[in-house]
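Survey of secondary and tertiary structure
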Amino acid sequence: SDDGKLSFDEFKAYFADGVLSGEELHEFFHTIDTQNTDNLDTEELCEYFSQHLGEYENVLSVLEDLNITILKAMDKTKKDYQEASNLEQFVTRFLLKETLNQLQSLQSSLECAMETTEEQTRQERQGPTKPEVLSVQWPGKRSARRLQKNSLLPNSPHFNTGWTEEDSQWMTQINRLQKLIDRLEKKDLKLEPFEEEVLEENAKSHIMIVQRQMSVIEEEIEEFRLALKQYVESASSQGGCLHVSIQKLPSDSRFIVYEFWENSNAWNSHLQMNYSKTFQRSNVDFLETPELITTMLVPGKY
């Protein structure tokens with residue numbers, strides 16, 4: 001309730017993890033409540049958790065430094081990006097994307113570690129009645145939410161006559177979940193160019209296809225739509241522009257813009273125009289993550 005302290009109901013709403021029972025949470029609450037006020041203040045919480053940080057003291061300290069460093073980098077990027085050259089802007093976008101990928105990799109590992117520890121605790125409390133299917137995911141590896149394939153087939157040493165119909169139905173549901181996760185992991189639309197040697201003298205005969213993916217901040221969608229409309233109108237009026245189309249993904253605030261240009265020279269010339277630079281600058285404020293641009297040359301004539 002923003003009064004500087006936590007009642008038990010507020011404590012339970014935040015700290016309940018689906019593993020500890022209500023009674024255990026209540027006991028935990030009073031363990032931290034050293035002043036016996038039936039309310040926890042910040043000082044009591046800090047004192048309790050600071051005694052149990054262990055190795056995570058270094059982790060949280062590094063995260064605090066990382067937070068400050070990233071904010072400084074974002075501030076400098078916002079100031080310098082507008083005046084940077086095309087190559088410098090490309091390098092900045094790459095560095096932003098690589099930083100995001102590294103952070104997402106760490107986040108994925110932590111999420112899987114959380115799921116694993118919670119699942120192990122539940123199994124210990126319920127008894128080893130179900131096969132273990134979770135393992136911690138480390139950076140660079142695929143999702144750890146995978147079944148141990150073939151571990152419960154008839155020719156497996158884990159198979160025995162105690163395998164019940166209920167267990168079989170449970171495994172069927174897990175298999176369906178695995179397939180769903182596999183489909184979700186492949187949901188991102190990607191336009192992969194065919195690697196083809198393009199000679200300098202016939203480059204003008206190749207049409208340039210550009211795919212631009214932009215994830216927009218929810219609160220900025222209306223302003224972004226106006227900026228995008230102005231950009232598309234200006235780009236479509238250029239002599240070298242063949243076509244521009246927009247797709248708004250219904251599941252999230254992501255826009256995909258497809259642009260067709262007569263050749264790479266027309267595309268490069270378009271990037272130097274004021275309307276194009278204005279749109280790029282505005283995206284710094286509108287987008288949640290750096291814009292992803294994919295280009296591909298296709299033969300325009302034979």
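Residues numbered from 1 in each chain as written. Predicted model: local features only at pLDDT ≥ 70, side-chain atom pairs only at ≥ 80, totals over all residues. Heavy atoms only, no water.

Taking an unreviewed UniProt entry as the reference, the chain is identified by name as NECA1 protein belonging to Smutsornis africanus.

**Observations concerning the pattern of salt bridges**
One pass over the structure, following the stated rule, counts 5 salt bridges. With a shortest N-O distance of 3.3 Å, Lys79 and Asp75 are connected by a salt bridge. Here Lys79 pairs with Asp75, and both are found in helix H4 (residues 56-80), just 4 residues apart, close to one helical turn. A salt bridge links Glu291 to Arg212; its shortest N-O distance comes to 2.4 Å. Here Glu291, found in the loop between helix H9 (274-286) and strand E6 (292-299), pairs with Arg212, found in strand E3 (residues 206-215); they are 79 residues apart in sequence, far enough to count as distant. Of the two residues, Glu291 and Arg212, neither departs from the other in class, the shared state being buried. (Salt bridge = Lys/Arg side-chain N within 4 Å of Asp/Glu carboxyl O. Helix = DSSP H or I, 4+ residues; strand = E, 2+ residues; numbered from the N terminus. Buried < 20%, exposed > 50% of the residue type's maximum accessible area, 1.4 Å probe, protein only.)

**Notes on the UniProt feature "domain: EF-hand" (unreviewed entry) in the chain**
UniProt marks residues 20-55 with the feature "domain: EF-hand" (unreviewed entry), using the numbering shown here. Here residues 20-55 runs as 56% helix and 6% strand, with 23 Å between its end C-alpha atoms. (UniProt positions renumbered as here; feature names shortened; annotations may be inferred.)

**Points about the pairing of E3**
With 8 of its 10 residues buried, E3 lies for the most part within the structure. By the bridge criterion, 8 bridges tie E3 to E6 in an arrangement that is antiparallel. The residue bridging Met208 from the neighbouring strand is Leu297, located in E6. (Pairing = 2+ DSSP bridges.)

**Re a nonpolar patch on the surface**
A cluster of nonpolar side chains, Tyr56, Val59, Leu60, Leu63, Leu66, Leu103 and Leu106, forms an exposed patch at the surface whose accessible area comes to about 620 Å². Among the secondary structure elements, those contributing two or more residues to the nonpolar patch are H4 and helix H5 (86-126). With 5 residues, H4 is the single largest residue contributor to the nonpolar patch. As for its position among the elements, Leu60 is in helix H4. Of the residues examined, Leu60 reaches a relative accessible area of 46% and is grouped as partly exposed. (Patch = residues over 30% accessible without salt bridge, like charges linked within 9 Å, V, L, I, M, F, W, Y side chains within 5 Å. Areas by Shrake-Rupley, 256 points an atom, 1.4 Å probe, with all protein chains shown as cover.)

**What to know about unusual backbone geometry**
Of note in the backbone geometry, Asn36 takes a positive phi value of approximately 50° without being a glycine. Positive phi is not limited to glycine here, since Asp38 has a value of about 60°. Here Asp38 shows up in the loop between helix H2 (22-32) and strand E2 (40-41).

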